[in-house]
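# Commentary on secondary and tertiary structure
The lines below spell out each chain.
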Amino acid sequence: MVDDDPTDGRLAELADVVMRIARDLDPQAGGLDLVPLTGTETAVLRWVHRHPGTSPSAAADGTGLRRPNLSAALRSLEDKGLVRRSPDASDHRQQRLDPTALADESLDRIRAYWAARVRAALGDTVDEACAIVDLLERLESGLRAR
């Protein structure tokens with residue numbers, strides 16, 4: 001029950017606000033001309049972009065996806081020109097995953113869109129927003145660790 005601790009209600013509200021903000025910042029809903037991606041493809045592409053040279057196993061672990069789901073997402077991302085597989089130089093039985101130039105360009109456009117939307121929404125309180133990035137990253141890390 002949310003009322004066990006006096007802060008539970010505020011923490012639940014934090015989660016709800018984060019979910020509403022995520023919907024409002026969805027770049028596909030914002031009219032950006034992007035390669036359409038499913039939620040799974042987005043999660044995999046974000047992982048690969050943040051961890052270039054990663055292995056499929058590490059990507060599965062990092063995204064919490066089962067191997068068959070990851071494999072399907074990787075095939076689709078390759079077909080869309082967003083991810084490239086190559087043999088690992090130290091172990092040719094392994095593969096490396098890297099984002100393509102198209103993925104980099106798309107992410108740059110998304111990040112510019114997000115920055116403009118957040119700046120416009122916050123006006124002169126941008127510094128306060130920048131101060132909470134570390135806290136939200138710790139929240140993300142803690143959620144993934146469970």
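Up top is the structure these notes are about.
Anyway, here's the lowdown on the structure attached to this text. Bear in mind that the values here come from a model prediction, so they are computed numbers and not experimental data. Note on numbering: residues in each chain are counted from 1, in written sequence order. With pLDDT at 70 or above as the cut-off, local features in this predicted model cover only qualifying residues; side-chain atom pairs require 80 or more to be listed or tallied, and sums for whole chains, interfaces and linings still use all residues. Hydrogens and water molecules were not included; the side-chain quantities draw on all heavy atoms of the structure.

Angles run from 0 to 180 degrees between N-to-C directions of axes, and those axes are lines fitted to C-alpha atoms, restricted for helices to the stretch in contact. Helix and strand labels come from DSSP, where a helix needs a run of H or I of at least four residues and a strand needs a run of E of at least two; each type is numbered from the N terminus. Two elements in contact, helix α2 (residues 39-50) and helix α4 (residues 67-79), have axes whose closest approach is 9 Å; the angle formed by their N-to-C orientations is 80°. Relative to α4, the element α2 is oriented roughly perpendicular. For the pair formed by α2 and α4, the contact residues are T40, E41, V44 and L45 on the first element and N69, L70, A73, L74, S76 and L77 on the second. For this classification, Asp, Glu, Lys and Arg are treated as charged, while Ala, Val, Leu, Ile, Met, Phe, Trp, Tyr, Cys and Pro are nonpolar and the rest, including Gly, are polar. Classifying every residue of the contact of α2 with α4 by side-chain character gives six nonpolar, three polar and one charged. Any angle from 65 to 115 degrees is called roughly perpendicular, while one under 35 is roughly parallel, one over 145 is roughly antiparallel, and all others are oblique. Pairs of residues are marked as contacts when any of their non-hydrogen atoms sit within 4.5 Å.

Here, expected helix span is obtained from the residue count minus one, scaled by 1.5 Å. With 13 residues, α4 should reach 18 Å at 1.5 Å per residue; the first-to-last C-alpha distance of 18 Å fits that figure. Burial classification: accessible surface area is computed with a 1.4 Å probe over protein chains only, and a residue below 20% of its type maximum counts as buried, one above 50% as exposed, and the rest as partly exposed. Buried residues of α4: L70, A73, L74, S76 and L77, and no others. Along the axis of α4, the buried residues cluster in a sector spanning 165°; they form a single face. Residues of α4 that are exposed and point more than 90 degrees away from the buried face comprise P68 and D79. Packing partners of the buried residues in α4 comprise α2, α3 (56-63), β1 (83-87) and β2 (95-99). Each C-beta atom gives one direction from the helix axis, and the arc is the one those directions make.

By size, the foremost hydrophobic cluster in this structure holds 14 residues, and its most contacted members are V44, L45, L70, L74, L77, V83 and L97. Elements represented by at least two residues in this core include exactly α2, α3 and α4. Residues contacting L97, with those up to four places away along its chain left out, are V48, H51, P52, G53, T54, S55, P56, A59, L74, V83, R84 and R85. Within this scheme, the nonpolar core is defined by two criteria: the residues are buried Ala, Val, Leu, Ile, Met, Phe, Trp, Tyr or Cys, and they are joined through side-chain atoms within 4.5 Å.

With that settled, consider the environment of D24. Relative to the helices and strands, D24 resides in helix α1 (residues 8-24). Sequence separation between D24 and W114 is 90 residues, and the spatial gap between their C-alpha atoms is 9.9 Å. If sequence neighbours within four positions are ignored, D24 has contacts with Y113 and R117.

Attention now goes to the packing of α2 against α3. The interhelical angle for the contact between α2 and α3, taken along N-to-C directions, is 120°, at an axis separation of 10 Å. By the angle between their directions, the pair α2 and α3 is classed as oblique. Considering the relative orientation of α2 and α3, their crossing is right-handed. Contact with α2, carried on its side by A43, V44 and W47, involves A58, A59, G62 and T63 of α3 and no other residues of that element. Taken together, the residues of the contact of α2 with α3 sort by class into five nonpolar, two polar and no charged. Handedness of each helix crossing follows the sense of rotation of the near helix against the far helix: counterclockwise by less than a right angle gives left-handed, clockwise gives right-handed.

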